[in-house]
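# Structural overview
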Amino acid sequence: MNTQIVNEPGSKFLYNSAATYMLSAIVQKVTGQKILDYLKPRLFEPLGIEGIDWEVDPQGINVGGWGLRLKTEDMAKFGQLFLQKGVWNGKQILPKAWVEEASTMKIMQDPSAPQDKKDASDWLQGYCYQMWRCRNNAFRGDGANGQFIIVMPEQDAVVIITAEAPDMQSEINLVWEYLLPALKTQKVPTNKAAYAKLKNTIQNLSLPIPQQQANSTIQANIQGKTFAITAGDVSFKNIKFDFQDGVCAVKLGTDTITHDLKFGLGKWIFDQTTKRGPYLVAGAKANRTGLPAFKIAGSYTWQDNNTLILTLRYIESPHTETIVCKFDGDKVSVDFQNIFNQNTKRALFKGIQTVSRPNAPKLIIRGDDMGYSHSGNDALIQSYRNGIETSIEVIVPSPWFPEAVKLLKENPNIDVGLHFAITSEWDNVKWRPLTDCPSLKNADGYFYPMLFHNKNYPKQAVMDQDWKVEDIEKELHAQIKMALKYIPRLSHVSGHMFSLGFAPEVKEMAKRVAKQYNLPMVDTDGTQDYKINYTGFDARGLNTQQKIQAFIEMFDKLEDSKTYVFVEHPGLDNHELRAISHIGYEDVAEGRQDVTTIFTSEEVRAAVVKKGIELVSYKDALQKLK
């Protein structure tokens, strides 16, 4: 609704599925019914169309411009309805005038195109109401990758095509080249033999089964093995393979669900899955909401000794996904291929076999200070999505808190804690308290830069002032309430620069407030109260690679059955962070970039798996204590 209209409406063609969505929303607003429900008694039921569904948005509105699933025969019925000028079984389902109005040209896509280009294209014949004009005086409904309802009035014919075609024009060209010449104006003689042959051919049409190309000697080695993903989006956690009686059962573990898939050797295994397949608008938020589990057919083959090919067909859509798994000892690379990414550079997922370590140490990887800068926000999300970070601490009064809220909403599975702040340490960027707390703010209304006395900032530390625990409590309540308002899943509270643990009366107050909100204060006495131990390594004087090695060596110090937390501050080495510093801490950009590099390092992710470390969030660790 906020998109600027560049051209006078009706003056220039623009393919716009969002406008079709708005039409669906308007119908629902006016009638009180989703477009699917509105059309059932008026269109679908009279045509005998059953068992259909239509994707909805988070507001429960059918998306309109895409996402309708129905059978090929149902598409044919719709085309036949238009061919018959809206009449079905002798009844006028759609007004004749409307059918003619909806299927005639309303605007040309490219009026200035040369004639030879127009003559060769079915996308330059004019656009109707949600339909395209075709060559040969036909018109069509048109879906992504080759879903066509082609109505040919002069031939009294309807052609239905469902396909996954990278070149849709070439697909339609086949209709004009082969089918059109075969359609005669006069009645052809009956040919029972030819009809029987055609019927038999149609009944036996099927997608080819992938044929075994090689026998693999490593199949037994990966039988029952789980590979943890160490490179790629962290939402893909692991993959497991089980082979038995010509069936390869695969488990794809994600951060929210495990998808079970079955593939047959020399055959299709028909099943259903929660795994979403290839989709033109897969990047849209809440895409395919409201749809049931997807029906699939799976088959596998070995391309060579080390390469497993898993073919997954989503039989309620035109799409196929090919999962190519290449094994190298205890490692695997996983490549998800489909029509939308086949000509792009794809990021491979890499994995390594998991090891069994009973009572493995649990490790929280905590990223602090979300909200102090855009670069910090970006790095924290990168460290979660592509790395090992398990909990993020957000500073509510910070300048980039609104962006932090948006990013955390887009990444709903990351654990979040309030990083309670009563200091604003940077020289070039500041934040103020949410409340009137005189003992915590300077003459300009900002938090003091330091908590403890600092010679570089004389009399500018909280401890240099006559601070009041009442002011700290009031501000703590305000920051918790603000955090819960925008981040309801908040699981705990931590302290920025030791804000919750610098004095006994502050600790006591924090624990009392924690009970009011049922939010653990993890930085007051975390080891004593929650059995969470701090861990770390000495990074002084180390370059980036040396820091990575020191971080990995730190894992060897973690004891079985214990829970640890490693605290750091991801960032990016760019112009923004180079402008953020305080006296005594000038290499913010470089140092915090190193943290991001460590957290997202493939080497580090692999070491976590090899050493049997269990990554957990504060939420995970705290729930196990209940």
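First, a word on scope: everything that follows refers to the structure included in this document. (Residues numbered from 1 in each chain as written. Predicted model: local features only at pLDDT ≥ 70, side-chain atom pairs only at ≥ 80, totals over all residues. Heavy atoms only, no water.)

### Considering the overall build of the protein chain
For clarity, the threshold we go by: Strands are runs of DSSP state E lasting at least 2 residues, helices are runs of H or I lasting at least 4, and numbering of each runs from the N terminus. Only heavy atoms matter for contacts: two residues are in contact if any of them lie within 4.5 Å across the pair. For the accessible areas, the method is Shrake-Rupley and the probe is 1.4 Å, while residue cover comes only from the protein chains on display. His residues and chain termini do not enter the charge count, which takes Lys and Arg as positive and Asp and Glu as negative. A charge is said to be at NZ when it belongs to Lys, at CZ for Arg, at CG for Asp and at CD for Glu.
The helix and strand inventory of the protein chain stands at 18 helices and 25 strands. Over its C-alpha atoms, taken along the principal directions, the protein chain stretches across nearly 100 × 65 × 45 Å. In the protein chain, 60% of the contacts between residues at least 6 apart in sequence involve partners at least 24 apart. For the protein chain, the accessible area works out to roughly 31900 Å², and carbon and sulfur atoms hold 52% of it. Here the protein chain contributes 72 positively and 73 negatively charged side chains, and the mean placements of these two sets differ by 6 Å.

### Brief notes about the pattern of salt bridges
For clarity, the threshold we go by: Here, a salt bridge means any side-chain nitrogen of Lys or Arg that lies within 4 Å of a carboxyl oxygen of Asp or Glu. Throughout this description, buried means an accessible area under 20% of the type-specific maximum (1.4 Å probe, protein chains only), exposed means over 50%, and partly exposed covers the range between.
In the structure shown here, the tally under the stated rule is 30 salt bridges. Of the charged contacts in the structure, one is a salt bridge between Asp335 and Arg346, with a shortest N-O distance of 2.8 Å. On the criterion of sequence distance, the pair formed by Asp335 in strand 17 (residues 331-337) and Arg346 in the loop between strand 17 and strand 18 (349-353) is long-range, its members being 11 residues apart. Among the salt bridges present, the one from Asp538 reaches Arg540, with a minimum N-O distance of 2.8 Å. Overall, the relative accessible area of 45% leaves Asp538 in the partly exposed class. Each of the salt bridges in this network shares a partner with another, and the network as a whole consists of Lys507, Lys511, Asp525 and Asp529.

### Quick notes on helix 14 (residues 544-554)
Rules: For the purposes of these results, a polar contact is taken to be a pair of N or O atoms within 3.5 Å, where, inside protein, one atom must be able to donate a hydrogen and its partner to accept one; residues adjacent in sequence count only when each atom of the pair is a side-chain atom.
Every buried residue of helix 14 is listed here: Lys547, Ile548, Ala550, Phe551, Ile552 and Met554. Packing partners of the buried residues in helix 14 comprise strand 19 (362-370), strand 24 (563-568), helix 16 (588-599) and helix 17 (602-610). Near the N-terminus of helix 14, the side chain that reaches the backbone nitrogen of Gln545, with its oxygen 3.2 Å away, is that of Asn543.

### Quick word on the side chain of Asn377
Position of Asn377 relative to the elements: it lies in helix 9 (residues 374-385). A residue is classified by how much of its surface remains accessible, and Asn377, at 0% relative accessible area, is buried. Of the polar contacts made by the side chain of Asn377, one reaches the side chain of Glu403; its length is 2.8 Å. In contact with Asn377, other than residues within four places in its own chain, are Met370, Gly371, Trp400, Glu403, Ala404 and Leu407.

### Quick word on the pairing of strand 14 (residues 294-304)
Here is the rule we go by: For two strands to be treated as a pair, DSSP must find no fewer than two bridges joining them.
Most of strand 14 sits out of view: 8 of its 11 residues are buried. Direction of pairing for strand 13 (residues 269-273) relative to strand 14: antiparallel, over a ladder of 5 bridges. Pairing of Gln272 across the sheet is with Lys295, part of strand 14. If you look at the hairpin formed by strand 14 and strand 15 (residues 307-314), you'll find 2 residues sitting between the two strands.

### Some thoughts on the sheet that holds strand 7 (residues 147-152)
The strands that make up a sheet pair up through hydrogen bonds in the backbone, lying either parallel or antiparallel. Operational definition: Throughout, an axis means a line fitted to C-alpha atoms (over the contacting stretch in the case of helices), and angles, computed between N-to-C directions, take values from 0 to 180 degrees.
The strand order across the open sheet built from 4 strands is 5-6-7-8, with neighbouring strands paired in antiparallel fashion. Either end of the sheet is taken by a strand with one partner, and the two such strands are strand 5 (132-133) and strand 8 (157-161). Here helix 3 (residues 72-83) sits on the sheet and contacts strand 6 (139-143), strand 7 and strand 8; the angle it forms with strand 8, its principal contact strand, is near 150°.

### Overview of the environment of Ala220
Relative to the helices and strands, Ala220 is located in helix 8 (residues 219-222). Expressed as a C-alpha distance, the spacing of Ala220 and Glu55, which sit 165 residues apart in the sequence, is 42 Å.

### A short note on the nonpolar core
Generally speaking, nonpolar side chains in soluble globular proteins are found buried as a group. Going by this rule: The nonpolar core is taken to be a set of buried Ala, Val, Leu, Ile, Met, Phe, Trp, Tyr and Cys residues, with the residues joined through side-chain atoms within 4.5 Å.
Counting 53 residues, the largest nonpolar core has Met370, Ile472, Leu476, Ile480, Val493 and Met521 as its most contacted members. Every element with two or more residues in this core is listed here: helix 9, strand 20 (391-394), helix 10 (401-410), strand 21 (415-420), helix 11 (469-486), helix 12 (504-517) and helix 16. Examining the composition of this core, we find that 6 residues originate from one element, helix 12, more than from any other. In this view, Ile480 contacts Leu418, Val493, Val513, Tyr517, Leu519 and Met521; residues no more than four positions away in its chain are not counted. One finds Leu252, Tyr300, Phe327 and Phe336 within the second-largest nonpolar core, a separate group that totals 29 residues.

### Brief notes about helix 1 (residues 17-31)
Operational definition: For a helix, the expected span equals 1.5 Å multiplied by the number of residues minus one. The arc in question is the one spanned by the directions pointing from the helix axis to the C-beta atoms.
An ideal rise of 1.5 Å per residue puts 21 Å on 15 residues; helix 1 measures up with 21 Å between its terminal C-alpha atoms. Among the residues of helix 1, Thr20, Tyr21, Ser24, Ala25 and Gln28 are the ones counted as buried. Along the axis of helix 1, the buried residues cluster in a sector spanning 145°; they form a single face. Exposed residues lying more than 90 degrees from the buried face of helix 1 are Lys29 and Val30. Against helix 2 (35-44) lie the buried residues of helix 1. Between the side-chain oxygen at the start of helix 1 and the backbone nitrogen of Ala18 there is a gap of 3.1 Å, and the oxygen is on Asn16. Looking one or two residues beyond helix 1, the residue adopting positive phi is Gly32, at roughly 80°.

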